[in-house]
Amino acid sequence: MAAEKVLCIADLEKAASQILPAATRDFFNSGATSQVTVRENSSSYQKYRILPRVLKDVSQVSTKISLFDRDISFPLCVSPAGLQAMAHPDGELATSRACAKAGTNMGISSYANHSVEQITTAGKEIGPIHHVMQLYSMADREKEARIVRRAEAAGCKAIFLTADSPVLGVRYNEWRTGFLPSPGLDNPIIEKTSEQIQQQSHDDGFSSFNSASHSWAKEIPWLRSITDMEIWIKGILTPEDVETAIEYGCDGVIISNHGGRQLDETPATVDVLPACAKAARGRIRIHIDGGVRSGSDIFKALALGAECCWVGRPMLWGLAYNGQQGVELMLDILYQDFKRSMQLAGCKSISEISQSSLGIFRSDGPLARL
Ligand SMILES: Cc1cc2nc3c(=O)[nH]c(=O)nc-3n(C[C@H](O)[C@H](O)[C@H](O)COP(=O)(O)O)c2cc1C
Ligand SMILES: CC(C)CC(=O)C(=O)O
């Protein structure tokens, strides 16, 4: 753990980046090609301004939302991210415990370094928590079905089908450093050891399990036939794909560009959120990830139509900084900041956060009400 004081997510990023070996740091922090989308995911939040309503009684504030039939402490969950043991030996077990302690939910990556049973149990031993299982459409259908069945048996509430990864993104930074998972790690969900992943070439190593021939018609009815879990699509950026997810009877979508790690120069997620939420018209749940780094980011995402935000890298930074306690710190920073943002904006419940009642202003050009 670094000595300096960690007050905000930028502090946590800095502290973690000083601790992590350079190649692992670049693997976590970096994105695809020219890093345009990684940068814009965060910076685009700055285009929006919050218009507070004053002299409102905000002594009692409820930050809770209900997700998978359970209240979570505030509208933020932890995105599925692979190889968490490269941030801290406890990896996903620490993340699960921290999420349970903070009263929120966790996404489990198919590339987790612990089994789905170990991860769900670790959290549930601390307190109530729901998990969702991230899934790739895989070339090996039998393996994909095993992952789904084990997740359901372990109590996961939903499948997050990652739709933006038929192949790996162009990851110059990773390739430059020759990043590979450390030897000795296990990836029990995809049933591979680090050594087995290392044996394959870089692109193959991470893409060879995915099916580039996937489609809505091949995946969704098949998934529906093998599981009662909710089916969410992770990696949607257009109203057209929101509409298709509705047509296929999906339960939710994550507006996501994979944290800028797949196709670079896709738009920042917050910029496509209003159009996607408008297309949904309440028929499907709309969540968002990518670049969320503060309570006001969460506030803005909700005002622009998201029900809930998810964060990836901040969790990895928390893990690298101080394991479970580091992830707890990250979640507490965002919780406190979000609650205070609500109070300062004059909102005492989540339902009071809205584009029209608050007014969100854009600062690129003359300020104008959206
Ligand atoms: C190191 C790393 C590994 C990731 N692994 C996965 C993964 O296995 N499956 C997946 O769907 N998304 C994965 N993601 C993407 C996250 O789920 C999420 O979409 C992204 O991190 C959100 O952006 P943020 O990091 O800016 O919060 C990963 C992200 C990072 C940074
Ligand atoms: C473990 C990796 C395949 C995950 C990753 O880098 C990603 O999904 O962005």
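Calculation rules
- Residues numbered from 1 in each chain as written.
- Chains lettered and ligands numbered in written order.
- Predicted model: local features only at pLDDT ≥ 70, side-chain atom pairs only at ≥ 80, totals over all residues.
- Near = placed C-beta within 6 Å.
- Helix = DSSP H or I, 4+ residues; strand = E, 2+ residues; numbered from the N terminus.
- Nonpolar A, V, L, I, M, F, W, Y, C, P; charged D, E, K, R; others polar.
- Axes fitted to C-alpha atoms, helices over the stretch in contact; angles between N-to-C directions.
- Parallel < 35°, antiparallel > 145°, perpendicular 65-115°, else oblique.
- Left-handed = near helix turned anticlockwise from the far one by under 90°.
- Contact = placed C-beta atoms within 7 Å.
- Buried ≥ 20, exposed ≤ 12 C-beta atoms within 10 Å, placed from the backbone.
- Pairing = 2+ DSSP bridges.
- Right-handed = clockwise from strand over helix to strand, strands pointing away.
- Arc of directions from axis to C-beta.

As for the site of ligand 1
Around ligand 1, 25 residues are found, and the nearest of them are S79, S109, G259, G312 and R313. Of all elements in the fold, only α2 (22-29) and α14 (313-345) reach the threshold of two or more residues within the shell around ligand 1. Per-class residue counts for the shell around ligand 1 are eight nonpolar, 13 polar and four charged.

A few points about the packing of helix α13 (residues 295-303) against α14
The contact between α13 and α14 brings their axes to 7 Å, and the two run at 60 degrees. For the element pair α13 / α14, the angle class is oblique. Our pair here, α13 against α14, has a crossing hand that is right-handed. Residues G295, S296, I298 and F299 of α13 lie in contact with α14, whose contacting residues are L334, D337, F338, R340, S341, M342 and A345.

Brief notes about the site of ligand 2
Around ligand 2, a shell composed of G82, L83, Y111, F206, H258 and R261 is seen. In terms of residue class, the shell around ligand 2 is made up of three nonpolar, two polar and one charged.

Details of the pairing of strand β13 (residues 308-311)
Here β13 shows two buried faces, one formed by C308 and W310 and the other by C309 and V311. As paired strands, strand β4 (residues 76-78) and β13 are joined by three bridges and run parallel to one another. Looking across to β13, one finds that L76 is bridged to C309. Read from strand β12 (residues 285-289) through α13 to β13, the crossover connection turns out right-handed.

Brief notes about helix α5 (residues 116-124)
Residues V116, I119, T120, A122 and G123 constitute the buried set of α5. The buried residues of α5 occupy one face: seen down the axis, they fall within an arc of 160 degrees. The elements touched by buried residues of α5 are α4 (91-102), β5 (106-108), β6 (131-136) and α6 (141-153).

Details of unusual backbone geometry
Even without being a glycine, Q35 presents a positive backbone phi close to 70 degrees. Residue placement: Q35 occurs in the loop between α2 and α3 (36-43). The class of Q35 is partly exposed, set by 17 C-beta atoms lying within 10 Å. One non-glycine residue, F68, lies in the positive phi region at around 50 degrees. When the 16 C-beta atoms within 10 Å are taken as the criterion, F68 is described as partly exposed.

Scope: geometric values only; no functional claims are made or implied.
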